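# Results of the structural survey
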Amino acid sequence: MTTVTFEVADGVGTIRLDRPPMNALNTGIQDRLRELAAEAGDREDVRAVILYGGEKVFAAGADIKEMRDMDHAAMVLRSRALQESFTAIARIPKPVVAAVTGYALGGGCELALCADYRIAADNAKLGQPEILLGLIPGAGGTQRLARLVGPSRAKDLIFTGRQVRAEEALAIGLVDRVVPAAEVYEQARAWAAKLAQGPALALRAAKECVDAGLETDIGTGLAIERTWFAGLFATEDRERGMRSFVEEGPGRARFV
C-alpha cells in the first residue's frame, strides 16, 4: 500500500502522507520521505514543495506499536535513519511549506518543523508528547523547536507534552499562518506557486544562508552570505532582475 505520494504540477511538488487514519510515521514512511526529499531536490521541474497529510490530519506521530517492539540496540541503529530522513526534508534546496491539518504531534510536529513555512488549519493541534511515553523527541524536535520558538517555550512543550491549538502556535511562532481548515492546502499551494516563479538559485542561496548561519557564529554566517551574494552576480536571473527593475520597476521580472 502506498503510504507517501509525490505529485508535481506547475513547478510545485506535493509530498503527501497517505496512511489512514492518522498517518503514523513508521519506518517505511521515514525511508520514503528521505527518497522523495532527494527526488524533489534533484528534479528541475520542482521549484517548491508542499508537505501535506490530507484534509483530516497531518501526522499524529510515530508508529508506537512498531517502536514498542524495539530494544535499545535496535533504536541505536534506527534513530540515525530517523533523523536522516527528517534532515533530508529540511535540506531540500528549495522552498518547502507544511500544510498542517488536524493533528501534528510528535514526529508529525517534527516533520512540520523541517519546512521553511507552516500554514495551519484553525482546528490544528501541535505538540511534542514524547515525554508522556517516558521519551524525548528523537527526529529533531529538541533542536529545531528550540531554534524556532526559543528554548524556554520549547522546554515547556517538551517537558509537559501538552498540545497547543493553532492560535497559540501562531502566537509563539510555531506556525506562520492560520486559515480555515478547508483552505489549508489551497493557501499552501498559493505560497509555493508564487515562489516557484522566483529565481531558483537565489532562493536556494537564501535558504542555505539562513539555515547554515543559524548553526554557526555570525562571522561565519556573514562569510557564507557574502560568498553566495557575490556568486549570484554570475547568474542570468540576476541580470534579468536588475534589468527589469531599471526598465519596468520592481516586481516585474520573469526568471528562468
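Relevant structure appears above.
Calculation rules
- Residues numbered from 1 in each chain as written.
- Predicted model: local features only at pLDDT ≥ 70, side-chain atom pairs only at ≥ 80, totals over all residues.
- Heavy atoms only, no water.
- Helix = DSSP H or I, 4+ residues; strand = E, 2+ residues; numbered from the N terminus.
- Rg over C-alpha atoms; globule rule 2.2 N^0.38 Å.
- Buried < 20%, exposed > 50% of the residue type's maximum accessible area, 1.4 Å probe, protein only.
- Contact = heavy atoms within 4.5 Å.
- Core = buried A, V, L, I, M, F, W, Y, C linked by side-chain atoms within 4.5 Å.
- Pairing = 2+ DSSP bridges.
- Axes fitted to C-alpha atoms, helices over the stretch in contact; angles between N-to-C directions.
- Salt bridge = Lys/Arg side-chain N within 4 Å of Asp/Glu carboxyl O.

### Notes on the overall build of the chain
For the chain, the count of helices and strands is 11 helices and 9 strands. At 19 Å, the chain has a C-alpha radius of gyration in line with the 18 Å of a compact globule built from 256 residues. For the chain, the proportion of its 256 residues judged to be buried stands at 41%. Put simply, of all contacts in the chain between residues at least 6 apart along the chain, 69% involve residues at least 24 apart.

### Re the nonpolar core
If you look at the biggest cluster of nonpolar residues, it comprises 59 residues, and the most contacted ones within it are Ile15, Leu51, Phe58, Ile89, Val100, Leu126 and Leu174. Filtering out sequence-adjacent residues up to four positions away, Leu174 remains in contact with Cys109, Leu113, Arg118, Leu126, Leu145, Leu148, Val149, Leu157, Val164 and Ala169.

### Here we look at the sheet that holds strand β5 (residues 103-105)
Within a beta sheet, neighbouring strands are joined by backbone hydrogen bonds and run either parallel or antiparallel to one another. One open sheet accounts for 3 strands, arranged β5-β7-β8; its pairing is mixed. Only two strands of the sheet have a single neighbouring strand rather than two, namely β5 and β8 (163-165). When the angles between neighbouring strand axes are averaged without regard to direction, this sheet yields 20 degrees. In this sheet, strand β7 (residues 125-127) lies alongside β5 in parallel orientation, the contact comprising 3 bridges. The residue of β7 that forms the bridge with Tyr103 is Lys125.

### Quick notes on the pairing of strand β6 (residues 117-121)
Counted residue by residue, β6 has 5 buried out of 5 residues, so it is predominantly covered. Alternating residues of β6 divide into Tyr117, Ile119 and Ala121 and Arg118 and Ala120, and every residue in both groups is buried. Where strand β4 (residues 96-100) lies against β6, 4 bridges are found, and the strand directions are parallel. Within β6, the position partnered with Ala99 by the bridge is Ile119. Here β6 pairs with strand β9 (residues 177-179) via 3 bridges, running parallel. When the sheet's bridge partners are listed, Ala121 is paired in β9 with Val179.

### Regarding the pattern of salt bridges
What the rule picks out here adds up to 12 salt bridges. When the shortest N-O distance is used, the salt bridge between Glu35 and Arg32 registers 3.0 Å. Residue Glu35 and its partner Arg32 are both found in helix α1 (residues 27-42); the two are separated by 3 residues, about one turn of the helix. Using a relative accessible area of 46% as the deciding quantity, one classes Glu35 as partly exposed. Among the salt bridges present, the one from Lys207 reaches Asp116, with a minimum N-O distance of 2.9 Å. Of this pair, Lys207 sits in helix α9 (residues 200-214) while Asp116 sits in the loop between α4 (107-113) and β6; the two residues are 91 residues apart in sequence, bridging distant segments of the chain.

### Re the sheet that holds β9
Spatial ordering of the open sheet is given by β1-β2-β3-β4-β6-β9, a layout of 6 strands whose pairing is mixed. Looking at which strands have only one partner, the edges of the open sheet turn out to be β1 (4-9) and β9. Pairs of neighbouring strands in the sheet enclose a mean axial angle of 20 degrees, with direction left out of account. Running at roughly 175 degrees to β4, helix α8 (residues 184-196) makes contact with β1, β2 (12-17), β3 (48-52), β4, β6 and β9 of the sheet.

### Concerning the environment of Glu225
Along the chain, Glu225 turns up in helix α10 (residues 218-231). Residue classification places Glu225 among the partly exposed positions, given a relative accessible area of 46%. Each C-alpha atom of the pair Glu225 and Phe245 lies 23 Å from the other, and the pair is 20 residues apart in sequence.

### Some words on the environment of Gly221
You can see Gly221 is positioned in helix α10. In sequence terms Gly221 and Glu183 are 38 residues apart; their C-alpha atoms lie 37 Å from each other. Non-local contacts of Gly221, meaning those with residues more than four positions away in its chain, are made with Gly213 and Thr216.

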